[in-house]
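Examination of the molecular architecture
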Amino acid sequence: FNPSWSDGEKILYTLFWINRNVTYGAADGDYCASIFVHRTGQCAQYNGALVSMITYLGYDAGMIRGYRGYPNNKWSHFWGEVYIDGEAYVMEAGNYGDSGDW
């Protein structure tokens, strides 16, 4: 990180780094090891690593587990959530264009 970056710039850089440097596949280790060391993971690792960075910066953040898909075809999925000034924001660190916007 550049020492002059704001928390938001650090988080955005981390998000883009994950999306440009990690291959979607089987996890290898905890959230951070899988993403930042082995550079592989799925939704839980993508979002877990980003949530880890956000909590490291001092924010109240966690994981949300739910389902995505279609009425007759749903699968388990994880998202990140952060609270800023009492407002909850849901994040999708592994967005491939079919999960909404970041």
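Here, every reference points to the structure presented above.
Scope of this entry: the structure provided in the associated data block. Just so it is clear, the structure is predicted and the values come from calculations on it, not from any experiment.

1. Comments concerning helix H3 (residues 43-56)
- Under the 1.5 Å per step criterion, the end-to-end length of H3 is 20 Å for 14 residues, consistent within 8% with the ideal 20 Å.
- Positive phi shows up at Gly58, right after H3, with a value of about 100°.

2. Considering the sheet that holds strand S4 (residues 73-84)
- Pairing within the open sheet is antiparallel, and its three strands lie in the order S3-S4-S5. Looking at which strands have only one partner, the edges of the open sheet turn out to be strand S3 (60-70) and strand S5 (87-91). Neighbouring strand axes in the sheet, compared pairwise and without regard to direction, differ in orientation by 35° on average.
- Of the strands in this sheet, S3, S4 and S5 touch H3, which is tilted by about 5° from S4.

3. So, the packing of aromatic side chains
- Tallied over the entire structure, the rule returns six aromatic pairs.
- Residues Phe1 and Trp5 carry aromatic rings whose centres are separated by 5.8 Å and whose planes lie at 50° to one another, so their mutual orientation is tilted.
- The class for Trp5 is partly exposed, based on a relative accessible area of 26%.
- Between Tyr24 and Tyr46, the ring centres sit 6.4 Å apart and the planes meet at 50°, which makes this aromatic pair tilted. With Tyr24 in strand S1 (residues 23-24) and Tyr46 in helix H3, this pair connects stretches of sequence that are 22 residues apart.
- In this structure an aromatic cluster arises from ring pairing among Phe1, Trp5 and Tyr13.

4. Examining the side chain of Lys10
- The topology assignment puts Lys10 in helix H1 (residues 7-21).
- There is no salt bridge for the buried Lys10, and the closest opposite charge comes from Asp7, which lies 4.4 Å off by N-O distance.
- If we skip the residues at most four places from it in the chain, Lys10 touches Phe1, Trp5 and Leu57.

Definitions and limits used
- Residues numbered from 1 in each chain as written.
- Predicted model: local features only at pLDDT ≥ 70, side-chain atom pairs only at ≥ 80, totals over all residues.
- Heavy atoms only, no water.
- Helix = DSSP H or I, 4+ residues; strand = E, 2+ residues; numbered from the N terminus.
- Expected span 1.5 Å × (residues − 1).
- Pairing = 2+ DSSP bridges.
- Axes fitted to C-alpha atoms, helices over the stretch in contact; angles between N-to-C directions.
- Contact = heavy atoms within 4.5 Å.
- Phe/Tyr/Trp six-rings, centres within 6.5 Å; stacked < 30°, edge-to-face > 60°.
- Buried < 20%, exposed > 50% of the residue type's maximum accessible area, 1.4 Å probe, protein only.
- Lys, Arg positive; Asp, Glu negative; His and termini not counted.
- Salt bridge = Lys/Arg side-chain N within 4 Å of Asp/Glu carboxyl O.

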